[in-house]
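# Results of the structural survey
Each chain, letter by letter, is given below.
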Amino acid sequence: MKKALLLAGVASLFSFNANAMMGIPSDFRPYIGVDYVYSKADYKGDASRLEDDGYLEDNFNSGVINAGIKMGDYYSIEAFYQQSASEEGDYFVYDGMSHKAETQFDAYGIDLYGYAPVGCDGLSLLGTVGLANYDLEVKELGETETKSRVGYRAGIGAQYDFNENWSARLVGRYSYINTKDVDNLMEATAGIRYTF
């Protein structure tokens, strides 16, 4: 249901572009993008001890799809969906058998971006804040445990506009999740955008 709502939001952004000829301000420009994200989880409690022993993996590789609206030269609002790959820790022995724990997460939410153009034509520094719902999943001993939590996000980065439509973006982000097992995620993001 949550993913369906996100996809409905993305579809409405595309319809926004179709209505551009109907009096919507020309400085509101929709865009879409894809990102690669490297995330490092900061575990706590029992999960931290399991991570120290190598049974839980704390590094994740993710893909992100997003859609947003650029509002003039200085602001944009963006919806996103992120899915990490499943990561395995080291083998451990339980009941005389070897097992591995698999961890992964997905997230969806909304971010607000601010842009500050700098001397080089097309280059902008940026800052971002947002909210996201994180679904953290651990599979071990034949059972799956999922925990959901709304987290706060903030980041800084840079974007380079190659032309009117194409741009590349780099962002470093801190996401405060504060579940029983995960305090936060530190993330590095690289991606491209197409603006309509």
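All values derive from a computational prediction rather than experimental measurement. (Residues numbered from 1 in each chain as written. Predicted model: local features only at pLDDT ≥ 70, side-chain atom pairs only at ≥ 80, totals over all residues. Heavy atoms only, no water.)

A few words on the pairing of strand β1 (residues 28-43). Alignment of β1 against strand β2 (residues 59-71), held across 13 bridges, turns out to be antiparallel. The residue bridging Val37 from the neighbouring strand is Ser62, located in β2. Here β1 pairs with strand β11 (residues 182-195) via 13 bridges, running antiparallel. When the bridges of β11 are listed, Ile32 appears paired with Tyr194. (Pairing = 2+ DSSP bridges. Helix = DSSP H or I, 4+ residues; strand = E, 2+ residues; numbered from the N terminus.)

Before going further, it helps to examine the nonpolar core. Counting residues in each nonpolar core, the largest one holds 17 residues, and the members touching the most others are Tyr43, Phe105, Tyr134, Ile177 and Leu185. Put simply, the parts of the chain that give this core at least two residues each are β1, β2, β7 (102-117), β8 (123-140) and β11. Setting aside chain neighbours within four positions, we find Tyr43 in contact with Ser48, Glu51, Leu56, Glu57, Asp58, Phe60, Thr103, Asp181 and Val182. Ranked by size, the runner-up nonpolar core spans five residues in total, among them Tyr31, Tyr113, Tyr115 and Leu126. (Core = buried A, V, L, I, M, F, W, Y, C linked by side-chain atoms within 4.5 Å. Buried < 20%, exposed > 50% of the residue type's maximum accessible area, 1.4 Å probe, protein only. Contact = heavy atoms within 4.5 Å.)

Okay, the packing of aromatic side chains next. Per the stated rule, a full pass over the model turns up six aromatic pairs. Measuring from ring centre to ring centre gives 6.4 Å for Phe105 and Tyr134, while their planes differ by 50 degrees; the resulting arrangement is tilted. Highlighted residues: Phe105 in strand β7 and Tyr134 in strand β8, separated in sequence by 29 residues. Judged on exposure class, the residue Phe105 and its partner Tyr134 are both buried. Relative to Tyr115, the ring of Tyr113 has its centre 6.5 Å away and its plane inclined at 25 degrees; by these criteria the two rings are stacked. In this structure, Tyr113 and Tyr115 share a single accessibility class: buried. Among the aromatic residues, ring-to-ring pairing joins Phe60, Phe105 and Tyr134 into one connected group. For Lys70, the ring lying beneath its charged end belongs to Tyr115, and the centroid distance is 4.4 Å. Note that Arg169 overlies the ring of Tyr113, its terminal NZ or CZ placed 4.2 Å from the centroid. (Phe/Tyr/Trp six-rings, centres within 6.5 Å; stacked < 30°, edge-to-face > 60°. Lys NZ or Arg CZ within 6 Å of the ring centre and 35° of its normal.)

What follows concerns the environment of Gly122. With respect to the helices and strands, Gly122 occurs in the loop between β7 and β8. When its relative accessible area of 21% is taken as the criterion, Gly122 is described as partly exposed. The spatial distance from the C-alpha of Gly122 to the C-alpha of Asn163 is 7.8 Å, given a sequence separation of 41 residues. The contacts of Gly122, once residues within four sequence positions are left out, are Gln159, Tyr160 and Asp161.

Looking at the chain as a whole, the pLDDT averages 84, with 80% of positions reaching at least 70. Every residue in residues 11-22 is under pLDDT 50, and counting partners more than four places away or in other chains gives 13 contacts. (pLDDT = per-residue confidence, 0-100.)

By secondary structure assignment, the location of Thr189 is in strand β11. The contact partners of Thr189, leaving out residues within four places of it in the chain, are Asp35, Tyr36, Val37, Arg169, Leu170, Val171 and Arg173.

Moving on to the pairing of β7. Bridge analysis of strand β3 (residues 75-84) against β7 gives nine bridges, and the strand direction is antiparallel. Residue Tyr75 lies in a different strand from β7, and its bridge partner there is Gly114. Pairing of strand β4 (residues 87-88) with β7, which is carried by two bridges, proceeds in the antiparallel orientation. In the strand pairing of β7, Glu87 is matched with Thr103. By the bridge criterion, 16 bridges tie β7 to β8 in an arrangement that is antiparallel. Within β8, the residue paired with Tyr108 across the bridge is Asn133. Between the antiparallel neighbours β7 and β8 lie five residues, among them Gly122 with a positive phi of about 95 degrees.

Bringing unusual backbone geometry into the picture now. Positive phi is not limited to glycine here, since Asn178 has a value of about 60 degrees. By the secondary structure assignment, Asn178 is in the loop between β10 (166-176) and β11. Classification of Asn178 by relative accessible area gives partly exposed; the value is 26%.

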